[in-house]
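Examination of the molecular architecture
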Amino acid sequence: MKKICLFAAALVLLPAAALPQSFSFTADTLARRGNPGELIILDARIKNLSAQELQIRVIRMQNDLPAGWSTSLCSGDLCFPPFLNFYTIPDTALGIPALAPGETSDFHLNFTTDPTQTGIAAVPIRVENLNNAAEFSELTFTASTQPAAVTEISRGGPADFQLLANFPNPFSAATTIPFEIGGGRSLPVELLIYNLLGREVARVWHGPAAPGRREVTWNGRDHAGRPAPRGLYFYQLRVGAFKQTRAMLLLQ
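Bear in mind that the values here come from a model prediction, so they are computed numbers and not experimental data.

Once that is clear, we can look at the side chain of asparagine 166. Looking at the element boundaries, asparagine 166 is found in the loop between strand E11 (161-163) and strand E12 (175-181). Look at asparagine 166 and you get buried, because its relative accessible area is 6%.

Right, let's get into the sheet that holds strand E8 (residues 104-112). Strands sit in the order E1-E3-E8-E5-E6 across an open sheet of five strands; the sheet is antiparallel. Single-partner strands in this sheet number two, and they are strand E1 (23-26) and strand E6 (78-79). Pairing analysis gives four bridges linking E1 to strand E3 (residues 39-48), with the strands arranged antiparallel. Directly across from serine 24, in E3, lies its bridge partner lysine 47.

Pairing of E3 with E8, which is carried by nine bridges, proceeds in the antiparallel orientation. Of the residues in E8, the one forming a bridge with alanine 44 is phenylalanine 107. Relative to E8, strand E5 (residues 70-75) is paired through six bridges, and the arrangement is antiparallel. Within the sheet, the bridge partner assigned to threonine 71 lies in E8 and is phenylalanine 111.

What follows deals with the pattern of salt bridges. Inspection of every chain in the model, using the stated rule, returns eight salt bridges. Where arginine 203 meets glutamate 190, a salt bridge forms, and the shortest distance between an N and an O atom there is 3.4 Å. Of this pair, arginine 203 sits in strand E14 (residues 200-209) while glutamate 190 sits in strand E13 (residues 187-194), placing them 13 residues apart in sequence. On the basis of relative accessible area, arginine 203 is assigned to the partly exposed category, the value being 40%. Salt bridges sharing common partners tie together Arg57, Arg126, Glu128 and Glu138.

Calculation rules
- Residues numbered from 1 in each chain as written.
- Predicted model: local features only at pLDDT ≥ 70, side-chain atom pairs only at ≥ 80, totals over all residues.
- Heavy atoms only, no water.
- Helix = DSSP H or I, 4+ residues; strand = E, 2+ residues; numbered from the N terminus.
- Buried < 20%, exposed > 50% of the residue type's maximum accessible area, 1.4 Å probe, protein only.
- Pairing = 2+ DSSP bridges.
- Salt bridge = Lys/Arg side-chain N within 4 Å of Asp/Glu carboxyl O.

In structure tokens form, the structure reads like this:
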């Protein structure tokens, strides 16, 4: 009897994080690019992993957008007005039932972009259990009408030096930037990070580099060690008069 009581007490004290999640919130991609004025749609799925009906709330946690942009939450084919920051499943007024065991609900986040200028926006979405708000999952969706990559080449040429695509891109915590140095001797090299305003954010390589391929990691922090805001950044390789620039997307 004593063993049974101790086992029951252990169950009461078991942290909620150790219990299995009753649902999943997943997406094939968290970032998508389009042209100014296009409707950019990002898709995800909410699946009931439990053996009971599931009641959830979908919340737009933040909606900081470029001028002329708006976002809308969509459940399946039903899209809510841009001013609505959340919806629930079930919704008796709209005829939306609770999620049955094993059932999946399609989620869409629509970005309406401005046709007159480029921009970028990252919107965090939270899905939580209506009966237990401590059980939740969050994804951040990013839409951009900025160029996917920018290449600027001055004298020198790609045969001598080359800035390669960073990976992963988009990224959350850190990204690796590869570059190649040609010729037969070490040369002074700079690899700089800039924000959209053209301000230098970080300097990830400053010094000599021998011929060959090099890889350097940017941890998403600025010169002072502070986390850089999420958004679009440019990384530039400089070797003498040679310059080459590419773009990357920070999601954190």
